[in-house]
Amino acid sequence: MAEKILIFDFGSQYTQLIGRRLRELNVYCEIHPYNKTVALDDSVKGVVLSGSPYSVREADAPQLNLQPIKGRLPLLGVCYGAQYLAHHFGGAVQRSDSREYGRAQLSVKDADSPLLKDVATNSQVWMSHGDTITALPHNARVIASTADVDNAAFAITGEPTYGLQFHPEVYHSTEGMKILQNFVKDVCGCRCDWTPESFIENTVNALKDTLGNDKVVLGLSGGVDSSVAAMLLHHAIGANLHCIFVDNGLLRKNEFAEVLESYRDMGLNITGVDATVDFLSALVDVSDPEKKRKIIGRMFIEVFDREAYKIENVKWLAQGTIYPDVIESVSVHGPSATIKSHHNVGGLPDRMNLRVVEPLRSLFKDEVRRVGMALGMKPELLRRHPFPGPGLAVRISGEVSKEKVAILQEADAIFITGLRTANLYDRVWQAATILLPVKSVGVMGDERTYESTIVLRAVTSTDGMTADWARLPDDFLANVSNDIINKVKSVNRVLYDISSKPPATIEWE
Ligand code: XMP
């Protein structure tokens, strides 16, 4: 029998992290907005209430009916979740007058509490709240405190309900994983047997059932998600999976040929489509970043559609959608502005009248990689840096041309090969080379030059949402710069981007 933990999201920035931590403990969990009705069937072994930027005392604070949950299922309130329990079940919450942000030391008051089993006393925990619980809910007792927060952790006697005013899910809470493990194992009684191998077995069986003898088409991008999705489907339906890999003329140097080859080695039934001319002609005279993205997105649909049409009787479109793309986020400060439109294959299913299958829909990125490993895929393929769908077009500031793509491909190949050779590739989240529409004066031999500028960008990140510029060694940067200027015709200057995200973004466009 499948088992899962439900996480109700009140809008905290850490909610996804709770999900990832539980998955690391080999427990399947789902994140739902607090205001969504979710079936509480037998597979639900416990519930977590997340934090929130709201105060429970505010009139418009998010509300969730806990009646079917509290006292019936194991329940863990984190931060706002804990304050919610206090506020609604006989305790009190007030604005805090002492500092409750950042590090604190947790002193265990009840070492017999199942939630705190083997948790070292005085371990570091991470606090982040403006309110504090001044009176515990009915029948509750303190199980741990910090210097400033008496009611840092509480348990309700006679029922499996707990509250933590700190965040066990963040890395800074050093015993946080142990606390979460105690919750899922000892309080919820989970078997913790959700592993990449079990995921593969269940998913392949489910895909076999759903797809039967139907044909499926999938667009491969060379990236991790579409590749792992393809391998899962390949295990389930073999040659009935038809993969299409489009060369849009905006890929890295030699990427199309190399990736196509490695897909063939993996046994995939794949068609490579050279659409370089279609894409580059559609981009002539276009310099606005959003227009470029839209044109590339539209062109992709056109090319893909044309190719998919050649597969007789195809019924399904497979996509490499992953969990962060489908979690419905709780909008706390109104709908967020579109910073960049990310085009992949949006719009395809409607147009092609296909049903959609998304085998990775429930996985986080690191889990996709683990599943890929368990499927025996090459580590080089699984560790590839993210690469934007619109490719080098968003790394050429202004108008795109075949000549500019060629310059950028050469410079980029030097940078990426250099990172691999220096064993730095896996230490950065993503590395990119950008071609600026800026010329500057230089001197080569006795000649004055007036040529183009290349920017190198390398960032560290865990999810691409925030990022910092990578502190690459000076010597390494010096060598890459030298190589680019010496070997790439028409480049005489190389810059290194030292902006973090925010306020900058990873891509320049
Ligand atoms: P930004 O530039 O918004 O990028 O900081 C965050 C991550 O998203 C990638 N990215 C894209 N991926 N289509 C994609 O598939 C796009 O249009 C796109 N734009 C940015 C970017 O490479 C980084 O990993």
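Residues numbered from 1 in each chain as written. Predicted model: local features only at pLDDT ≥ 70, side-chain atom pairs only at ≥ 80, totals over all residues. Heavy atoms only, no water.

Student: Where do I start with the environment of Ala 144 in this structure?
Tutor: Tracing the backbone through its elements, the reader meets Ala 144 in strand 9 (residues 140–145). Among the residues examined, Ala 144 registers a relative accessible area of 0% and is labelled buried. Taking the C-alpha atoms as reference points, Ala 144 and Glu 410, separated by 266 residues in sequence, lie 59 Å from one another. In contact with Ala 144, other than residues within four places in its own chain, are Leu 106, Ser 107, Val 108, Lys 109, Leu 116, Asp 150, Asn 151, Ala 152 and Ala 153. (Helix = DSSP H or I, 4+ residues; strand = E, 2+ residues; numbered from the N terminus. Buried < 20%, exposed > 50% of the residue type's maximum accessible area, 1.4 Å probe, protein only. Contact = heavy atoms within 4.5 Å.)

Student: Explain the sheet that holds strand 7 (residues 123–128) here, please?
Tutor: Sheets are built from strands that pair by backbone hydrogen bonding, the pairs being arranged parallel or antiparallel. Strand order in this open sheet of nine strands is 2-1-3-4-11-10-9-6-7, and the pairing throughout is mixed. Edge positions in the sheet fall to strand 2 (29–33) and strand 7, since each of these pairs with one other strand and no more. Direction aside, neighbouring strands of the sheet carry axes that sit 30° apart on average. Note: strand 4 (residues 75–78) against strand 11 (residues 161–164), four bridges, orientation parallel. Along strand 11, the bridge assignment pairs Gly 77 with Gly 163. (Pairing = 2+ DSSP bridges. Axes fitted to C-alpha atoms, helices over the stretch in contact; angles between N-to-C directions.)

Student: Is there a simple way to think about the pairing of strand 10 (residues 153–156) in this case?
Tutor: When a strand is regular, its side chains alternate between the sheet's two faces. Burial along strand 10 is two-sided: the residues Ala 153 and Ala 155 and Phe 154 and Ile 156 are all buried. Pairing of strand 9 with strand 10, which is carried by four bridges, proceeds in the antiparallel orientation. When the sheet's bridge partners are listed, Arg 141 is paired in strand 10 with Ala 155.

Student: Is there a simple way to think about the sheet that holds strand 16 (residues 355–357) in this case?
Tutor: The strand order 14-13-12-15-16 describes an open sheet built from five strands, whose pairing is parallel. The open sheet has two edge strands, strand 14 (270–274) and strand 16, and neither has a second partner. Geometrically, the sheet is characterised by an average inter-axis angle of 30° between neighbouring strands, direction not taken into account. Of the strands in this sheet, strand 12 (215–220), strand 13 (241–247), strand 14 and strand 15 (314–318) touch helix 8 (residues 289–309), which is tilted by about 140° from strand 13.

Student: How should helix 6 (residues 255–265) be read in this particular structure?
Tutor: What sets the pattern is the α-helix's 3.6 residues per turn: residues three or four places apart point alike. Every buried residue belonging to helix 6 is among Glu 255, Phe 256, Val 259, Leu 260, Ser 262 and Tyr 263, and all of these are buried. Projected onto a plane normal to the axis of helix 6, the buried residues spread over an arc of 165° and lie on a single side. Seen from the buried face of helix 6, the exposed residues on the opposite side, beyond 90 degrees, are Ala 257 and Asp 265. Close packing links the buried residues of helix 6 with strand 12, helix 5 (224–237), strand 13 and strand 14. One or two steps after helix 6, the chain reaches Gly 267, where phi turns positive at roughly 90°. (Arc of directions from axis to C-beta.)

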